[in-house]
Amino acid sequence: MLGRVDVLIVDDDLDMVDSLRDVLTDRGFEVAIARDGQEALEYLAAAPAPSVILLDWMMPRCDGATFRERQLANPAFAGIPVVILTADARVEERRDAMDSAPVLLKPVEITDLVGVLSKITSAAE
Amino acid sequence: MPVPDAPEERLATDEAFRLLVESVLDYAIFMLDLAGHVVSWNQGAERLKGYTAAEILGKHFSVFYPPEEKAAGRPARLLAIAAAEGRVEDEGWRVRKDGSLFWASVVVTALRDTTGELRGFAKVTRDFTERRRAAETERQLVAEAAARRGAEDAQRRIAAILTNLSDGVTVQDPSGRVIYANDAAARAMGLAKADEVVHGDLAAIVDRFRIFDERGEPVEVARLPGRRVLAGEEPAPMLVQVEDTRTGRRTWSLIKANAIPDAEGRPILAVNVFHDVTEERRIGDVARFLAAASSALGAAFEDERSLQRVAELAAPIFGGSVSFDVLDGDAHRRVGAGPPAAPGGVELVEALTARGECFGTLTVARAGAFDAEDRRVAEELARRAGIAIDNARLYREARRAVAIRDDFLSIAGHELRTPLAALSLQVASIPLLLDRGDSQVLRERAEKMGAQCRRIERLVRDLLDVSRISSGKVELARERFDLSVLVAEVIGRFTEEIAAADGSIDYRSEAVEGEWDRHRIDQVVTNLVANAVKYGRGSRIEVRVFRRGGRAALVVRDFGIGIAAGDQARIFERFERAAVDRNVGGLGLGLWIARQIVEQHGGSIEVESAPEQGSRFTVELPC
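These numbers were taken from a predicted model, which means no experiment stands behind them. Residue numbers run consecutively from 1 along every chain, following the written order of its sequence. Lettering for chains starts from A, numbering for ligands starts from 1, and both go in the order in which the items are written. For a predicted model such as this one, the threshold for reporting local features is a pLDDT of at least 70, and the threshold for listing and counting side-chain atom pairs is 80 or more; totals across whole chains, interfaces and linings nevertheless cover every residue. Note: side-chain values were computed over all heavy atoms of the structure, leaving out hydrogens and water.

*Asks:* Could you clarify how one ought to interpret the side chain of Asp26(A) in this entry?
*Replies:* With respect to the secondary-structure elements, Asp26(A) resides in helix H1 (residues 14-26). Overall, the relative accessible area of 9% leaves Asp26(A) in the buried class. For this analysis, a polar contact is any N or O atom pair within 3.5 Å, provided that within protein one partner can donate a hydrogen and the other can accept it, and provided that sequence-adjacent residues contribute only side-chain to side-chain pairs. Side-chain polar atoms of Asp26(A) contact the side chain of Ser429(B), separated by 3.4 Å. Helix and strand assignments follow DSSP, with helices taken as H or I runs no shorter than four residues and strands as E runs no shorter than two, numbered in order from the N terminus. The cut-offs for exposure are 20% and 50% of the maximum accessible area for each residue type, with area from a 1.4 Å probe on protein chains only; residues under the lower value are buried, those over the upper are exposed, and the others partly exposed.

See below:
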């Protein structure tokens, strides 16, 4: 049985996942990993809802936009807060698809990242 | 003759003289008194003038004159002159008793007595009518001959003028039959001599030509100016195009006609003048056409449409079909306009060139032969079209290059940002870890940071390679080595990464030596293995090196997400991944670079894959 985590990291890049896990764990967050949107949906179906989902936008198989669509379509997952973390500078052009989730651009300042996540997780508690 | 001195003798002499005078038949000899009354009359006078002596003696001599002469005072004037000068000669019409006229030659002599006193006049008249008539006839003959000569000269001159006239001239009778044509008219009808027009088969000549008005609508023969003026209409010039159906050649002609009327004003003949304005039209048309063609070529960068437009403009100028054949790499495009070429027609072909390179042709096809002007126009058109097509092509290439570069910069930015983000997060954690004093964790993180730095390095190197390979600046530094050893080294560098992804690698090989560029082949193997790790999603990776048919073979296989059939060819293209799937990490350059290097070695690279089944890349290199 999986325990409830603070942050579900959804990213296909191994280095990025590795670093996010390291720095968030260093700061006391409990994290889980999904390698793309499909894995993230599978995780949500199997485990207690995380306090926040840290979502990469560009991923193979099931990207951020697809994940977001399916998440919002499912009442069980729709309420989980999402923070988008992307390297795509043109993210503003796709504002609609992100459905008003906050966006952080890679490379992100650790203080910004931790600040946003802390705010959401503490509100959740 | 002795002078008579005795009165009898003199009388006898006078009497003899009188008899002599009276018997003269060919001359009218008579005397007038001072006032002009007839006082003597001879037989010649009676014969000439029709009066007997009894009838005329005592009458005034003015009765011999026509009334207008009498009224003008001519008889009195003659007597006055004779009185003053002794004699006067005169010629003129005189009136006989019966009223008829005769031409008289007259001498009037003043008669004076021994004291010099004027006593009367002697008048001698001869009938010169016949003589005058003969002279008149001769004069008329001479004049007529001169007139005839003049007329003949004039006719010859007119004929010469008409013959040498560059305009065609014909004369038609009311039935429409041509009764005269000059050489220019004959030439315009495709005949050698004017006679052939007049004596030839007019229907055949008419059938040979088709006539169109300015707008290109067919014109009935009855609407031509010659027929119209014969029908009594006002003459009006008409501009027509005449097509010779044998050659397909069209000429422009300005036709003017005038009617020659008979005494009642009815037209009996029509004179037609044909002025060939083809050159004028052509010069104007060509100038207008070239200007329009240039603007059509210059206006649109979509050269297909503009070429089509130019062909449409050009077809009527040449009176045939106009087409452009353009080679674009291996592709061949053809655009054209105008009627399809008739069998047995002629073609004029010009090369489309720009910057010393020929990339197509301009073809003009029509029934009739081409002249120097046609060739000049075609040459000029080909020159302008060549430049325009080249410009359009350069513009398209430049635009594509800019679009690719923009895309590339965007991907490059994205791809560099990701490892940089991972690295910067790790760096930001160092102070925290230092505070905790956990040197073991610090060491592990330092290793990760090192790996991330190497990844960034690889990306940057790929970027530089693209630029170097694209500009052909890569030279192979060949050396002899064993491929299986090199592959083992590369796999060794991925051990940690594979372990981190919970994957495994299965490497089997045999020694295969060859002369290759070690650094470049290392790059190929690295790219393939890195892809297998990335897209293998933690699955098993199989790597094989073996000898196959005198070539070295390398197979890298993963069991990950795979590549759809439609995308398999594109993954080897530069930046193509961007278009296929922006969601896959990496610059999309690795496979393009791998293919360039392998092909530069004379080898090949292939992929077999299916979605969710993984991918199998096979590289073959000549040993």
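Now that the structure has been shown, we can carry on.
*Asks:* What am I meant to see in the interface of chain A and chain B here?
*Replies:* Interface size, as often reported, equals the accessible area lost upon joining of the parts. We call two residues contacting when some pair of their heavy atoms lies within 4.5 Å. Residue-level contacts link 30 residues of chain A with 31 residues of chain B. Together chain A and chain B conceal approximately 2,700 Å² of surface at their shared face, both sides included; 50% is due to carbon and sulfur atoms. Two parts lose some accessible area (1.4 Å probe) when they are put together, and adding that loss for both gives the buried area. Of all residues in chain A, Asp15(A), Asp26(A) and Met58(A) bury the most surface against chain B, accounting for 22% of the area lost on that side. A pairing counts as a salt bridge when a side-chain nitrogen of Lys or Arg comes within 4 Å of a carboxyl oxygen of Asp or Glu. One salt bridge in this structure joins Lys448(B) and Asp22(A), with 2.8 Å as the shortest N-O distance. Viewed at the interface, chain B and chain A are joined by 14 residue pairs in polar contact (both at pLDDT 80 or more). Secondary structure elements with two or more residues in the side of chain A that touches chain B: H1 and helix H6 (110-124) of chain A. Tallying contributions element by element places H1(A) first for the side of chain A that touches chain B, with nine residues. In the side of chain A that touches chain B, the residues fall into 14 nonpolar, one polar and 15 charged. Three residue categories are used. Nonpolar comprises Ala, Val, Leu, Ile, Met, Phe, Trp, Tyr, Cys and Pro, charged comprises Asp, Glu, Lys and Arg, and polar comprises the others, including Gly.

*Asks:* So what exactly am I meant to see when it comes to unusual backbone geometry here?
*Replies:* Note: most residues except glycine have negative phi, and most peptide bonds are trans. Cis geometry marks the peptide bond from Lys106(A) to Pro107(A), where omega comes out at -10°. Its place among the elements puts Pro107(A) in the loop between strand S5 (103-105) and H6. Non-glycine residue Arg355(B) carries a positive phi angle of around 50°. Structurally, Arg355(B) is set in the loop between strand S13 (346-354) and strand S14 (357-366). The exposure class assigned to Arg355(B) is exposed, which follows from its relative accessible area of 63%. Residue Glu612(B) is not a glycine yet carries a positive backbone phi of 65°. Take Glu612(B): it is sitting in the loop between strand S20 (604-610) and strand S21 (614-622). For Glu612(B), a relative accessible area of 47% corresponds to the partly exposed category.

So, to be careful, I would describe these as geometric facts and stop short of saying anything about function.
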